[in-house]
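Spelled out from the first residue to the last, the chains are:
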Amino acid sequence: QMAGTKRAGYKLATYKTSEGPRAGVVVGKEVFDAAKLTGKAAYATVAGILADWKAAEGALKKAAAGAAKSRAKRQSVSKTKFLAPVPFPPTIFCAGANYADHAAAMAAKQGHPPPADPHDQGLKPWFFIKAARTIADPGAAIKASHYSKELDWEIELAAVIGRPAKDVPKEKALSYVAGYTASNDFSARDRGRRPGVEQTSFFKMDWTKHKSFDGSCPIGPWIVPASDITDPQNLGLKLWVNGVLKQDSNTGKMLFTLAEQIEQLSINMTLHPGDLILTGTPSGVGAESGEFLKAGDVVKVWIEGIGEFSNRIA
């Protein structure tokens, strides 16, 4: 059994049906319609489930335990088209430079020494926001090769918020997480600095063009409930480009833990059910070596205890 996980009882998904996208409960190798399995019409969408997470958590666990004997219609995982589990998150928060190895590699690329541990400098986690509509499905083609000539990959563990969180101390922060999914924070490195603006200018950076473009935030393949991830700070992460391993790390190497991130984000605003927190990426991104994605490339991400998915660059 893996270090940071225990055997999953069920997984929460959004999948394609003849009625349109529906919330699904994945039990073993079968997928059930969440609303039909639980008898709760509001659970037709993952957003509806997360809005009622306090009750839904128990209802889903119970329904999943009895799924094998249930009369609810089912289909096999292998024949299911999984979509982004949270198709329209209210907000996508992304932790900046949150792995020491990645921060050091990026600094070295610019001829700087490795940065000190931010805790020793009295620093707090910091974030940027991706536009919510940049979410992409697992397996989707990412039409971005024309947009960026320095298109980069970043595997990240994503936490899905399950109840409103405001001024949450880090000791209690993880209790606000409904579950976890895998994500890829695609980045357009050549769009991150505004051309024609002095290097030293306050107005040089452009985080919107750098991080928010259609398809720049694929997530999936489903949400594993937080109760099945015993320690989000001990999960293996791997990313491949065209079958070549590029990122191979563990969430234990984060500078700021997820709990510290939630504490910091909830100081100045309320986190809402369905909000995503992308927790940062380890070393091995293209910007460190100068290798970038082009049309036809296939990027695969895998997170221990959660699963894997791929996207092709179009």
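Structure shown above.
The structure displayed is predicted, hence computed values, not measured ones. (Residues numbered from 1 in each chain as written. Predicted model: local features only at pLDDT ≥ 70, side-chain atom pairs only at ≥ 80, totals over all residues. Heavy atoms only, no water.)

It is worth spelling out the packing of aromatic side chains at this point. The description of two aromatic rings rests on the distance between their centres and on the angle between their planes. Applying the stated rule across the entire model yields 4 aromatic pairs. Measuring from centroid to centroid gives 5.3 Å for Phe 82 and Trp 222, while their planes differ by 90°, and the two rings are edge-to-face. Here the residue Phe 82 occupies a position in strand S5 (residues 82-83), and Trp 222 occupies one in strand S14 (residues 217-225), the gap between them amounting to 140 residues. On the basis of relative accessible area, Phe 82 is assigned to the buried category, the value being 10%. Relative to Trp 207, the ring of Trp 126 has its centre 6.0 Å away and its plane inclined at 80°; by these criteria the two rings are edge-to-face. Residue Trp 126 is located in the loop between helix H4 (100-109) and strand S7 (127-130), and its partner Trp 207 is located in helix H5 (residues 207-211); the two are separated by 81 residues in the primary sequence. Given the relative accessible area of 31%, Trp 207 is considered partly exposed. Clustering of aromatic rings is evident, with ring pairs tying together Trp 126, Phe 128 and Trp 207. Taking NZ or CZ as reference, Lys 11 lies 4.7 Å from the ring centre of Trp 222, over its face. Arg 163 extends its terminal NZ or CZ atom over the ring of Tyr 176, reaching a point 3.9 Å from the ring centre. (Phe/Tyr/Trp six-rings, centres within 6.5 Å; stacked < 30°, edge-to-face > 60°. Helix = DSSP H or I, 4+ residues; strand = E, 2+ residues; numbered from the N terminus. Buried < 20%, exposed > 50% of the residue type's maximum accessible area, 1.4 Å probe, protein only. Lys NZ or Arg CZ within 6 Å of the ring centre and 35° of its normal.)

Among the 7 residues that make up strand S11 (residues 155-161), 7 are buried, leaving the element largely enclosed by the rest of the structure. What you see with S11 is no split at all: Ile 155, Leu 157, Ala 159 and Ile 161 on one side and Glu 156, Ala 158 and Val 160 on the other are buried throughout. Bridging between S11 and strand S12 (residues 177-184) involves 7 bridges; their strand directions are antiparallel. Within the sheet, the bridge partner assigned to Ala 159 lies in S12 and is Tyr 180. Of the pairings in the sheet, the one linking S11 to strand S17 (residues 276-278) comprises 3 bridges and is antiparallel in character. (Pairing = 2+ DSSP bridges.)

Another aspect to go through is H4. All buried positions along H4 are accounted for by His 102, Ala 103 and Ala 107. With its buried residues spanning 130° around the axis, H4 presents them on a single face. As for H4, its buried residues are in contact with helix H7 (286-289). (Arc of directions from axis to C-beta. Contact = heavy atoms within 4.5 Å.)

Read across the open sheet, the 5 strands follow the order S9-S19-S18-S15-S16; overall the sheet is mixed. Every other strand in the sheet has two partners, leaving strand S9 (141-142) and strand S16 (244-250) as the edge strands with one partner each. Of the pairings in the sheet, the one linking S9 to strand S19 (residues 307-313) comprises 2 bridges and is parallel in character. Each bridged residue has a counterpart across the sheet, and for Ile 142 the counterpart in S19 is Ile 313.

This paragraph deals with the side chain of Ser 148. Mapping Ser 148 onto the fold places it in the loop between S9 and strand S10 (151-152). Within the structure, the side chain of Ser 148 is placed 3.2 Å from the backbone nitrogen of Leu 151, a separation counted as a polar contact. Non-local contacts of Ser 148, meaning those with residues more than four positions away in its chain, are made with Ala 188, Arg 189 and Asp 190. (Polar contact = N/O pair within 3.5 Å; in protein donor to acceptor, adjacent residues only side chain to side chain.)

Now for the environment of Phe 256. Mapped onto the elements, Phe 256 comes out in the loop between S16 and helix H6 (258-268). In sequence terms Phe 256 and Ala 107 are 149 residues apart; their C-alpha atoms lie 18 Å from each other. Discounting chain neighbours no more than four positions away, the residues touching Phe 256 are Asn 98, Pro 118, His 119, Leu 123, Lys 124, Pro 125 and Gln 261.

The next subject is unusual backbone geometry. Note the cis peptide between Gly 220 and Pro 221, where omega equals -5°. Positionally, Pro 221 belongs in strand S14. Backbone geometry places Asp 167, a non-glycine residue, at a positive phi of 50°.

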